[in-house]
Amino acid sequence: MKKRYIASTASVVLALTLAACSSGDDGEGTASAALSHIHGLGIDPADGRLYVATHQGVYTPDDNGDPQLVGDRQDDFMGFTITKAGTFVASGHPAPGRDAPGNLGLIESTDAGKTWKNKSLSGEVDFHSLDYANDTIYGYDSTNGLLRVSKDGVRWDERGQLQALDIAASPNDRNTILATTQDGVAKSTDGGKAFEAGAQPVMALISWATPDALYGIDPSGTLHRSADGGINWAKAGTVPGGQPQALEAVNSKHILAATQDGVFESKDGGETFTQRLASASVGNP
């Protein structure tokens, strides 16, 4: 029974990966369609505003709590993270019809997503996961199946190769990096040059807020917390809406999670969640 469970959860993780990579629509979808393909979440420390990176642009709640497109770029934003107040980095693919390489490499916005500029690796890399910690950008290069690390977003060190869905760097140790794999959470203690075999439980997504607050969400939507860097896990709660799409731990208690039903927020470590944006209630952008 245990072996069948492991195989089942691993298959779901692979299915999630394929769903996250999909970009086969014709670009004519509504904002509802965009919000049903969420790849990244963040809170801008400048003003506490929520940002949602999707298959068709970056959105933020308007004054009525409805999703509003930020700027005019409706690219497929895959990897996405906020590095500091007003500064975002992302990756992915250009919107259909836009004159740009198929892989955006690393792009950066210094005005909270209103405009973007090419930073590095344009045409070469699609980062499916980006994390920022210890004044360092960590990126999972899905194009080449390896971890890349950069201090400035321009010059990159190539680290270990692996097949992963998500990564998270320790907030106080630049050499400790975790990755979600079909076998469980894999750990590196040498800055990502080599990863140990994945250890159970299987997590789809992870986010490391503080040294004693690592969060993971499994393929069923159950949220887990580890106080020791992923050695031991305890159930923290359940995110509504089924299959998870994105996870961001803002701090030890403040959690953002996206599922098929939209974006949910917890301010009590996952015990309760409030819906911030509902994917099914949105009209045209």
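Residues numbered from 1 in each chain as written. Predicted model: local features only at pLDDT ≥ 70, side-chain atom pairs only at ≥ 80, totals over all residues. Heavy atoms only, no water.

1. Quick word on the layout of surface pockets
- The computed volume of the largest pocket comes to approximately 870 Å³.
- Lining the largest pocket are 45 residues, with G40, L41, F80, L247 and E248 positioned closest to its centre.
- Elements that contribute at least two residues to the lining of the largest pocket include exactly α1 (2-21), β1 (38-43), β5 (76-84), β9 (127-133), β13 (166-169), β16 (205-210) and β20 (244-249).
- Of the residues forming the lining of the largest pocket, the biggest block, seven residues, is contributed by β5.
- Of the residues that constitute the lining of the largest pocket, the class distribution is 27 nonpolar, 14 polar and four charged. (1 Å grid on protein atoms, 1.4 Å probe; cavity = no way out; pocket = protein on both sides within 12 Å on 5 of 7 lines; lining within 4 Å. Points joined across faces, edges and corners; volume = space filled by probe spheres on them. Helix = DSSP H or I, 4+ residues; strand = E, 2+ residues; numbered from the N terminus. Nonpolar A, V, L, I, M, F, W, Y, C, P; charged D, E, K, R; others polar.)

2. Focus on the sheet that holds strand β14 (residues 177-181)
- Read from one edge to the other, the open sheet built from three strands follows the order β13-β14-β15, with strand pairing classed as antiparallel. The sheet is open, and its two borders are formed by β13 and β15 (184-188), each paired with just one other strand. Sheet twist, expressed as the mean angle between neighbouring strand axes with direction ignored, is 25 degrees. (Pairing = 2+ DSSP bridges. Axes fitted to C-alpha atoms, helices over the stretch in contact; angles between N-to-C directions.)

3. Details of the nonpolar core
- Membership of the largest hydrophobic core comes to 16 residues, with the highest contact counts inside it found for Y215, I217, L223, V239, L247 and I255.
- Mapped onto this core, the elements with two or more residues apiece are β16, β17 (213-217), β20 and β21 (255-259).
- With three residues, β17 is the single largest residue contributor to this core.
- Setting aside its immediate chain neighbours within four residues, V239 contacts I217, G221, L223, A257, T259, F264 and F273.
- If you look at the next biggest cluster of nonpolar residues, it comprises 13 residues, including Y51, F77, I82 and W116. (Core = buried A, V, L, I, M, F, W, Y, C linked by side-chain atoms within 4.5 Å. Buried < 20%, exposed > 50% of the residue type's maximum accessible area, 1.4 Å probe, protein only. Contact = heavy atoms within 4.5 Å.)

4. Some thoughts on the pairing of strand β18 (residues 222-226)
- For β18, a buried count of four out of five residues is recorded, marking the element as mostly surrounded by other parts of the structure.
- Sheet topology note: the β17/β18 ladder contains four bridges and is antiparallel. Across the sheet, residue L214 finds its bridge partner in β18, namely S226.
- In textbook terms, the turn of a hairpin is the stretch between consecutive antiparallel strands, and for β17 and β18 this stretch comprises four residues, one of which, G221, has a positive phi near 100 degrees.
- Relative to strand β19 (residues 234-238), β18 runs antiparallel, the two being bridged by four bridges. Bridged to T222 within β19 is T238.

5. Quick look at the sheet that holds strand β7 (residues 106-109)
- The strand order across the open sheet formed by four strands is β5-β6-β7-β8, and the pairing between neighbours is antiparallel. The open sheet has two edge strands, β5 and β8 (117-120), and neither has a second partner. In this sheet, neighbouring strand axes are inclined to one another by 35 degrees on average, regardless of whether the strands run parallel or antiparallel.
- Pairing of strand β6 (residues 87-93) with β7, which is carried by three bridges, proceeds in the antiparallel orientation. The residue bridging V89 from the neighbouring strand is E108, located in β7.

6. Regarding the environment of G145
- As for its position among the elements, G145 is in the loop between β10 (136-141) and β11 (146-150).
- Assessed through its relative accessible area of 5%, G145 is described here as buried.
- Put simply, G145 and Q163 are 18 residues apart on the chain and 5.8 Å apart in space, counted from C-alpha to C-alpha.
- In contact with G145, other than residues within four places in its own chain, are Y140, G160, Q161, L162 and Q163.

7. Structural notes on the pattern of salt bridges
- This structure, assessed with the given rule, holds nine salt bridges.
- A salt bridge links E158 to R148, with the nearest nitrogen and oxygen atoms 3.5 Å apart. One end of the pair, E158, is in strand β12 (residues 157-161); the other, R148, is in strand β11, with ten residues separating them in the sequence.
- Classification of E158 as exposed rests on a relative accessible area of 55%.
- Its relative accessible area of 8% is what places R148 among the buried residues.
- One connected set of salt bridges, linked through shared partners, spans R73, D75 and R98. (Salt bridge = Lys/Arg side-chain N within 4 Å of Asp/Glu carboxyl O.)

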